[in-house]
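Commentary on secondary and tertiary structure
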Amino acid sequence: MRLSQAPYGAWASPITAEAITKGANGIADVIVDRVTSEVYHIESRPSEKGRCILVHTASHRDIAGAKWNVRTSVQEYGGAPAIVHDSVAYFSHMADGRIYCVRVKDASEPVAITPEDKPYRYACLEPYPSHPHLLVAVLEDHTDNIPSEVVTTLVVIDTTTKKLHPLLSGSDFYAIPRFSPDGKKLAWTQWSHPDMPWEGGEIHIGDVIFGEDKTLHVENDIRVAGLREKVGTGYPSWANNESLIFTSDESGYVNPWKYHQGQASPLFPEPIPEDFGHAFWQLHYFPYAILDKEGKLGLFSALRDGRDVLYLVDLGGGSQPKLIENPFVVIDNIRTVSLEKQEVVFTGQKTNEKESIVQCTLASLTKLEFTVLKSSAAVKVDGVELPASLISEPQPITLKIPPTHAPLYVVYYPPHNPEYSGSSIEGEKPPCIVNVHGGPTGLATQGLSWAKQYFTSRGWAWLDVNYGGSSGFGRKYIERLANNWGIVDVQDCLLAPQSLSTAPYNLIDPKRLIIRGGSAGGFTVLAALSIASDVKVFAAATSLYGISDLKKLAEFTHKFESRYTDHLLGGSPEEAPETYHARSPIHHADNIVVPLLILQGEIDMVVPKDQAEAIYKSIQNRGGVVEYKLYPGEGHGWRQEANMRDALERELGFYERVLNLKPVDFKL
């Protein structure tokens, strides 16, 4: 078959926005019933107004009906809204924030077990081993709904009396409460402003007392590991009654540690320069699972070159981990299924497949056997599944930052479509979309994204920039952004495409660079257009719920990130007012001379819509080229199918108009 040629960016593609958003259910979490070993998952459903629902994985059966939304907005980003224990599901309902319970095999309606008419949010439910009707949970109290006044504690929920009892308070944040198998100890993570959990998260342990009042109390609270603003620890889990496993970046990288007989120590004889766990943005994240009843073995994920790998780890300590071959590049939500059978389950994503739920059994000390419990849904156009041959494979590249040759990590996706051999214009290089991830302590992973393929299959190049400040490359790489947000990220996002457009790469057209990003990535986009050393590097840009005013962000954003800028900008707005002003794009909007598309959610509590509307009006009032779309009912990102589709089509159409591209119509 003769291959076609057409200008880059104008190729005909079968990948439509409708095809990749219609029924595009996602896997938000994986849950295991510790008593029955049954596997469940939380499924996000854009076609059902973005709600989430608890599903029994093997039977594909919804645990609750159409009116329920199994989700929590603790820390706004949520996570860990549900558990299943002994065939009873306990979950947070997004509409009112209350916890409900229902027997998973019944057709009965869920029943509320927490007080009504309270501005409470719950997450991280943990049953007490000997009295499982008592659940420990994170409680976020919004009685005074000002970020500085929101109170986070650990509480006990008595599911029989439907009453709450205070357990722990005093820290700004709590997460991941975990009972030892015998119930005598409780471990948890806590941190306080101005830290984020990866900066100064602490691991604590306390003695559990079942009192005469028939509820739980914690005594003898001790800090096991972690140091405010210096060492980040997290992800506690008991290997057995005597040993607690957790992660720590004391070595400069997030590595496994244990606490045993009053002593905290690393599990490896020498640190491994890889992060064993992602930054703790959502409460359901977990990078490992215990494999056996004795607590001798663990299965861990770690980031190597931006891809997740799997290790078998000796939990006794003293030996290096064993790398296990696996086909996935993004691995998360690792849960123990059966200690007796040495089974675990996790979400796994490949470069050419979306998330699947995968169960694996330890077949030997060097091999895992993988079984897919729930496959990723196929994307179809007119009933025909899109072929894997359409997919542009990610190419990780490490660039060098002058003059020190420090590393800059990027992921390049070349234009690719099996129907095309290249451009019809001799010597043409493709236009490139430079994507800036959020966070800013985030990471652009390398699992399949149909949104990226939507562009690459049309002859666009795509470049993910894991700029200085990104997670997954060690603490020093994160700390490149300390005091330098708006400088280092912008410089890296200019350097990356400029490097790939010149020798020795010569991959992309330097005159047709597009920059786009969401949230903190949106801030970097706006900063690149307004305060960069050269504000004309890019031909166009898209800011998705991006930040334009740093002082307003610190004032109005949610509690979790309300002091994040202290470290990113060198202090609070009161301590560093000049910095906040100098790096806020809103004060330099007159410098924005390239066409800008702004997309924003109406009910965004992380980056309120005022941020988008201020920069839009500033550019519009002076006659600049700017377009603005506000999505009703959407928050920090798109959850509803129609809006996901519109955002993709709107973004592509905007770029085609700016670059005067005339796309070829696709014909079956």
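Description of the structure in this document. None of these values were measured; they are calculated from a predicted model.

With that out of the way, let us pick up the overall build of the protein chain. Within the protein chain one finds 11 helices and 40 strands. In terms of overall size, the protein chain behaves like a compact globule, its C-alpha atoms giving a radius of gyration of 25 Å where 668 residues would be expected to give roughly 26 Å. Over its C-alpha atoms, taken along the principal directions, the protein chain stretches across nearly 80 × 60 × 50 Å. Here the protein chain holds 668 residues, and the buried ones make up 61% of them. Taking the intrachain contacts of the protein chain between residues at least 6 apart in sequence as the baseline, contacts between residues at least 24 apart amount to 59%. Carbon and sulfur atoms form 49% of the exposed surface of the protein chain, whose accessible area is close to 26400 Å².

The next subject is helix α11 (residues 641-659). With 19 residues, α11 should reach 27 Å at 1.5 Å per residue; the first-to-last C-alpha distance of 28 Å fits that figure. Among all positions of α11, only Glu-641, Asn-643, Ala-647, Leu-648, Glu-651, Leu-652, Gly-653, Phe-654, Tyr-655, Glu-656 and Leu-659 are buried.

Where burial is concerned, most of strand β39 (residues 596-601) is hidden: 6 out of the 6 residues are buried. Neither face of β39 is exposed, since Leu-596, Ile-598 and Gln-600 on one face and Leu-597, Leu-599 and Gly-601 on the opposite face are all buried. Here strand β38 (residues 540-544) runs beside β39; their pairing, made up of 4 bridges, is parallel. Bridge pairing in β39 places Ser-543 opposite Ile-598. Judged from the 6 bridges that link them, β39 and strand β40 (residues 626-631) form a sheet pairing that is parallel. Across the sheet, Leu-599 pairs through a bridge with Lys-629, a residue of β40. With respect to chirality, the unit in which β39 leads through helix α10 (residues 609-621) into the neighbouring parallel β40 is right-handed.

For Ser-13, the location among the structural elements is in the loop between β1 (4-5) and α1 (17-21). By relative accessible area, which is 7% here, Ser-13 ends up buried. At 3.0 Å, the side chain of Ser-13 and the backbone nitrogen of Ile-15 are in polar contact. Engagement of the side chain of Ser-13 in a polar contact is seen with the side chain of Ser-457, the distance being 2.6 Å.

Here the focus is the pairing of strand β23 (residues 297-304). Counted residue by residue, β23 has 7 buried out of 8 residues, so it is predominantly covered. In this structure, strand β22 (residues 288-290) lies alongside β23, joined through 3 bridges in antiparallel fashion. Across the sheet, Tyr-288 pairs through a bridge with Phe-300, a residue of β23. In textbook terms, the turn of a hairpin is the stretch between consecutive antiparallel strands, and for β22 and β23 this stretch comprises 6 residues, one of which, Gly-295, has a positive phi near 75 degrees. With 8 bridges joining them, β23 and strand β24 (residues 307-314) adopt antiparallel strand pairing. Looking at β24, one finds that Leu-299 is bridged to Leu-312. Counted along the chain from β23 to the antiparallel partner β24, the turn is 2 residues long, and its residue Asp-305 has a positive phi close to 55 degrees.

On to the sheet that holds strand β26 (residues 330-338), then. Read from one edge of the open sheet, 4 strands run β26-β27-β28-β29, paired in antiparallel fashion. The two strands at the open ends of the sheet, each matched to only one other strand, are β26 and β29 (368-374). Between one strand axis and the next, the sheet turns through 30 degrees on average, direction left out of account. Sheet topology note: the strand β28 (residues 353-362)/β29 ladder contains 6 bridges and is antiparallel. Pairing of Gln-359 across the sheet is with Thr-371, part of β29.

Once that is clear, we can look at the nonpolar core. By size, the foremost hydrophobic cluster in this structure holds 109 residues, and its most contacted members are Leu-167, Leu-216, Trp-281, Leu-408, Val-465, Trp-485 and Ile-515. If sequence neighbours within four positions are ignored, Ile-515 has contacts with Val-434, Val-436, Cys-493, Val-525, Ala-528, Leu-529, Phe-538, Ala-540, Ala-541 and Thr-542. Formed by 34 residues, the second largest nonpolar core is a distinct cluster that contains Tyr-631, Trp-638, Leu-652 and Leu-659.

The rules behind the values
- Residues numbered from 1 in each chain as written.
- Predicted model: local features only at pLDDT ≥ 70, side-chain atom pairs only at ≥ 80, totals over all residues.
- Heavy atoms only, no water.
- Helix = DSSP H or I, 4+ residues; strand = E, 2+ residues; numbered from the N terminus.
- Rg over C-alpha atoms; globule rule 2.2 N^0.38 Å.
- Buried < 20%, exposed > 50% of the residue type's maximum accessible area, 1.4 Å probe, protein only.
- Contact = heavy atoms within 4.5 Å.
- Areas by Shrake-Rupley, 256 points an atom, 1.4 Å probe, with all protein chains shown as cover.
- Expected span 1.5 Å × (residues − 1).
- Pairing = 2+ DSSP bridges.
- Right-handed = clockwise from strand over helix to strand, strands pointing away.
- Polar contact = N/O pair within 3.5 Å; in protein donor to acceptor, adjacent residues only side chain to side chain.
- Axes fitted to C-alpha atoms, helices over the stretch in contact; angles between N-to-C directions.
- Core = buried A, V, L, I, M, F, W, Y, C linked by side-chain atoms within 4.5 Å.

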